[in-house]
Amino acid sequence: MFHLKIEFPHVPPSLNITLRTHYHKRNKLFKDYYNLISAVTRDQRPSEPLKKAKIKIERHFYRMLDYDNLVSSQKCIIDGLIHCGIIENDSWKILGVWDVNQMFRQKKLGPLTKLEVIGWDAI
């Protein structure tokens with residue numbers, strides 16, 4: 001059984017914002033998140049990518065998103081987990097339903113993302 005729990009002081013932008021940006025700018029944003037996830041999880045990675053996992057993400061920010069924007073904005077975080085070798089891929093067979101939530105956080109406290117990955121051996 002694998003368990004990873006991390007926090008970082010960033011929240012990915014809404015899908016409405018991401019889709020309106022130029023391809024190169026969007027690609028740089030995604031690569032920045034890949035590097036962030038890689039740096040935060042450096043000493044906590046499994047020996048090989050997980051073949052079955054449960055993902056839980058909490059977005060703490062002063063602005064709330066509607067549900068579809070909330071879930072789709074977390075795609076860069078999930079892709080970061082793939083790039084650094086924590087999960088094999090983001091298919092339904094491996095991750096199932098993502099548990100994504102958002103909480104209000106005062107603007108003066110800044111943004112915060114909490115990520116939890118629970119992995120187990122496929123049966």
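Before reading further, recall that the structure is shown in the block above.
Residues numbered from 1 in each chain as written. Predicted model: local features only at pLDDT ≥ 70, side-chain atom pairs only at ≥ 80, totals over all residues. Heavy atoms only, no water.

Let's talk about the pairing of strand E4 (residues 112-119)
Move 1: Among the eight residues in E4, six count as buried, and that is most of the element.
Move 2: Inspection of the sheet shows strand E1 (residues 2-8) paired to E4 by seven bridges, in the antiparallel sense. Residue pairing for E4: Glu7 is matched across the bridge by Lys114.
Move 3: Pairing of strand E2 (residues 53-61) with E4, which is carried by eight bridges, proceeds in the antiparallel orientation. Paired with Lys54 across the two strands is Ile118, which belongs to E4. (Buried < 20%, exposed > 50% of the residue type's maximum accessible area, 1.4 Å probe, protein only. Helix = DSSP H or I, 4+ residues; strand = E, 2+ residues; numbered from the N terminus. Pairing = 2+ DSSP bridges.)

Let's talk about the nonpolar core
Move 1: The biggest cluster of nonpolar side chains holds 28 residues, and the ones touching the most others in it are Leu81, Ile86, Leu115 and Val117.
Move 2: Contributions of two or more residues to this core are made by E1, helix H2 (23-40), E2, helix H4 (75-83), helix H5 (92-95) and E4.
Move 3: By residue number, the principal contributor to this core is H2, which donates five residues.
Move 4: For Leu115, the residues in contact, after removing those within four places along its chain, are Leu4, Lys5, Ile6, Ile37, Ile55, Lys56, Ile57, Ile77 and Leu81. (Core = buried A, V, L, I, M, F, W, Y, C linked by side-chain atoms within 4.5 Å. Contact = heavy atoms within 4.5 Å.)

Re the packing of H2 against H4
Move 1: Viewed as axis vectors pointing N to C, H2 and H4 meet at an angle of 55 degrees, and their least axial separation amounts to 8 Å. Comparing their axes, H4 and H2 come out oblique. The handedness of the crossing between H2 and H4 comes out as right-handed. Touching Phe30, Tyr33, Tyr34 and Ile37 of H2 are Cys76, Ile77, Asp79, Gly80, Leu81 and His83, all from H4.
Move 2: Looking at the contact of H2 with H4, its residues break down into seven nonpolar, two polar and one charged. (Axes fitted to C-alpha atoms, helices over the stretch in contact; angles between N-to-C directions. Parallel < 35°, antiparallel > 145°, perpendicular 65-115°, else oblique. Left-handed = near helix turned anticlockwise from the far one by under 90°. Nonpolar A, V, L, I, M, F, W, Y, C, P; charged D, E, K, R; others polar.)

Focus: the sheet that holds E4
Move 1: If you trace the four strands from one edge of the open sheet to the other, you get E1-E4-E2-E3, paired in mixed fashion. At either end of the open sheet lies a strand with only one pairing partner, and these are E1 and strand E3 (99-104). Along the sheet, successive strands turn relative to each other by an average axial angle of 10 degrees, direction set aside.
Move 2: Sheet topology places E2 next to E3; six bridges connect them, and they run parallel. Residue pairing in the sheet places Arg59 in a bridge with Gln102 of E3.

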